[in-house]
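So you can see what is in the structure, the chains are spelled out below.
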Amino acid sequence: MQRYSGFGLVKHALNHHENWQRQWRNPTPKKQYDIVIVGGGGHGLATAYYLAKVHNITNVAVIEKGWLGGGNTARNTTIVRSNYLWDEAAALFEHSMKLWEGLSQDINYNVMFSQRGVLNLGHTLQDMRDIQRRVNANRLNGIDGEVLDAKGVQEIVPILDCSSRARYPVLGASWQPRGGVARHDAVAWGYARAADALGVDLLQNTEVTGFKIRDGRVYGVHTNRGDIEAKTVGCVAAGNSGVLAKMAGFKLPLESHPLQALVSEPLKPVLDTVVMSNHVHGYISQSDKGDLVIGAGIDGYVGYGQRGSYPTVEHTLQAIVEMFPIFSRVRMNRQWGGIVDTCPDASPILSATPVKGMFFNCGWGTGGFKATPGSGHVFAATLAKGEAHPLAAPFSIDRFHTGALVDEHGAAGVAH
Amino acid sequence: MFHIYCPYCEEHREEEEFHPRGQAHLQRPADPENCSDKEWGDYLFFRDNPRGIHHELWVHSVGCRKFFNITRHTANYEILETYKMGERPSITAETLAADERQSGVQAASGGWQTVGARPEDEALNTEARA
């Protein structure tokens, strides 16, 4: 792999940037791999990278039915934070946050991780009590966080309507300075390039059409480019996880919903942090290009269409204008939908399954992007050892029968 | 935007008058005190979540406020049927597949998302590469 550096940029400038190495190969599928990962989004590619780097398992294929990072990795609002309430979730997301902090160096790819801080607004007394509880829990877990009052919020975001005239006046917020945003595509591409350099085969336009299962044990997958054998299969397919589980003959406690986002026309810098509100139900940041990146809630019905409904767009923008009257005349440029696999307790599933050798990493619902490095890291350990990584153990499918749920609706339900 | 026929109002109304309430025809365990954790967990949390024909419960929340059922395709979002509570759907994944077999039309997969990923498109791909 050609390493990227400032010097390389100058060198390639002399050749008019015509001789850059391709970022990854486009290999022909082999007949057999040690581990097959189904799904070439951020989480799947991160899993492949950490398998090769940490566990030294390089005979790995990532099977992707479309192109790399073309699903939810390309469709989110790129927010990264780790201020989750419960110990289990906080540990997992904080693990991820620590990996984010060194990620660009680690994979030699600028993921444009910008720790510009994340505000979660409170608009009612109950909101504020919940925020205090969550921030206290975060600090006990070693995660940075502060409770701000309305004045403190106004100082950070002067354009936010913190007046008492607002229909839902801002009473305060939780503030995580280490939170921020990252460049979503770069995360997928960076992991893909780094994994490919370590010998992982990235098989695009390859769709899994079934699993080879004998005596309750998986030994390969059927694809539209022929059968591929592997003793261990990890499925990281977000919204389509349920479809894969059905092929393997079991059910997951997931429902797939469209979640949409919008970007506006590019503006001059106006918002230098991330603002999220559960109560008026919207979140917003400004990209380096200048677009406002906006999102809100899922469409309530089950859907695989990768497009959202217009009523949801309207509600999203109502929330944004309620918080930021200054944006009332900003025009929206693009709108899209991704299919999120929501879990009943708003926590992910990182788990073995009824089929031996088959593992699922899914159920990230509306908040998977921020977890990309951590999810890949612990799932790689799970695949390599055949048993759950300690951070992944609380997120087993069993919890829906034992009742040991990790209820993160407060921290994850709306704020993604 | 869905245009939904409410079987009670007997009119088409806009999506915003309604709320989706998840999978229809869920059977509460007859004897919840004595069911196993497995049965209770399955009832509470596990859903079909199909990519295809889905029977789901909706409520006409700002209209007649009655619950009813919709049969809808979850990939192309086509509403195939709405029917009252207590009725059974006349269109299901099975009846659709049977109809298609009879008329000699290949069943729509609904699952192919990527251009060029269908096996029968292989010829096209080869052509494009040549």
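Residues numbered from 1 in each chain as written. Chains lettered and ligands numbered in written order. Predicted model: local features only at pLDDT ≥ 70, side-chain atom pairs only at ≥ 80, totals over all residues. Heavy atoms only, no water.

1. Digging into the overall build of chain B
Reasoning step 1: Of the regular secondary structure elements, chain B holds 3 helices and 6 strands.
Reasoning step 2: Of the regular secondary structure in chain B, the N- to C-terminal order runs β-β-β-α-β-β-β-α-α.
Reasoning step 3: Across the 130 residues of chain B, 36% fall into the buried class.
Reasoning step 4: The long-range share in chain B, meaning contacts at least 24 apart out of those at least 6 apart in sequence, stands at 47%. (Helix = DSSP H or I, 4+ residues; strand = E, 2+ residues; numbered from the N terminus. Buried < 20%, exposed > 50% of the residue type's maximum accessible area, 1.4 Å probe, protein only. Contact = heavy atoms within 4.5 Å.)

2. A short note on the sheet that holds strand E13 (residues 255–264) of chain A
Residue and element names in this part refer to chain A.
Reasoning step 1: Reading across the sheet, the 8 strands line up as E5-E6-E4-E14-E15-E16-E13-E17 and stay open at both edges, with mixed pairing between neighbours. Among the strands making up the open sheet, the edge pair consists of strand E5 (146–149) and strand E17 (332–342). Direction aside, neighbouring strands of the sheet carry axes that sit 20° apart on average.
Reasoning step 2: Pairing of strand E14 (residues 274–277) with strand E15 (residues 282–286) involves 3 bridges; the strand directions are antiparallel. When the bridges of E15 are listed, Met276 appears paired with Tyr283.
Reasoning step 3: Across the sheet, helix H9 (residues 310–323) lies against strand E4 (118–122), E13, E14, E15, strand E16 (292–298) and E17, angled at about 125° from E16, the strand it touches most. (Pairing = 2+ DSSP bridges. Axes fitted to C-alpha atoms, helices over the stretch in contact; angles between N-to-C directions.)

3. What to know about the packing of aromatic side chains
One pair of aromatic rings is described through two measures. These are the centre distance and the angle between the planes.
Reasoning step 1: One pass over the structure, following the stated rule, counts 20 aromatic pairs over all chains.
Reasoning step 2: Ring plane angle 55° and centroid distance 5.9 Å describe the contact between Tyr4 of chain A and Tyr109 of chain A, whose orientation is recorded as tilted. Of this pair, Tyr4 of chain A sits in the segment before helix H1 (6–14) while Tyr109 of chain A is found in the loop between helix H4 (103–106) and E4, placing the two residues 105 residues apart along the sequence.
Reasoning step 3: The exposure class assigned to Tyr109 of chain A is buried, which follows from its relative accessible area of 11%.
Reasoning step 4: A centroid spacing of 5.9 Å and a plane angle of 90° characterise the contact between Phe93 of chain A and Trp364 of chain A, whose relative ring orientation is edge-to-face. Placement of the pair is Phe93 of chain A in helix H3 (residues 87–101) and Trp364 of chain A in the loop between strand E19 (358–362) and helix H10 (372–385), with a sequence separation of 271 residues. Trp364 of chain A shares its class with Phe93 of chain A; the two are buried.
Reasoning step 5: Taken together, the ring pairs in this structure connect Tyr301 of chain A together with Phe2, Trp58 and Tyr77 of chain B into an aromatic cluster.
Reasoning step 6: Its end group placed over the ring of Tyr4 of chain A, Arg193 of chain A keeps NZ or CZ at 3.6 Å from the ring centre. (Phe/Tyr/Trp six-rings, centres within 6.5 Å; stacked < 30°, edge-to-face > 60°. Lys NZ or Arg CZ within 6 Å of the ring centre and 35° of its normal.)

4. Things to note about the nonpolar core
Considering soluble globular proteins, one finds that nonpolar side chains tend to be buried as a cluster.
Reasoning step 1: Among the nonpolar cores identified, the biggest contains 49 residues, and Ile37, Trp100 and Tyr191 of chain A are the most heavily contacted of them.
Reasoning step 2: Broken down by secondary-structure element, the contributors of at least two residues to this core are strand E1 (35–38), helix H2 (42–54), strand E2 (60–63), H3, helix H7 (184–197) and H10 of chain A.
Reasoning step 3: Formed by 31 residues, the second largest nonpolar core is a distinct cluster that contains Ala61, Cys235 and Ala237 of chain A together with Phe45 of chain B. (Core = buried A, V, L, I, M, F, W, Y, C linked by side-chain atoms within 4.5 Å.)

5. Structural notes on the pairing of E15 of chain A
Remember that side chains alternate between the two faces of the sheet whenever the strand is regular.
Residues and elements named next belong to chain A.
Reasoning step 1: Burial within E15 is extensive, with 5 of its 5 residues counted as buried.
Reasoning step 2: The alternating pattern of E15 places Gly282, Ile284 and Gln286 and Tyr283 and Ser285 on opposite faces, both of which are buried.
Reasoning step 3: With antiparallel pairing between neighbouring strands as the criterion, E14 and E15 make up a hairpin whose turn holds 4 residues, including His281 at a positive phi of roughly 70°.
Reasoning step 4: As paired elements, E15 and E16 share 4 bridges and run antiparallel to each other. Opposite Ile284, over in E16, you have Ile294 as the bridge partner.

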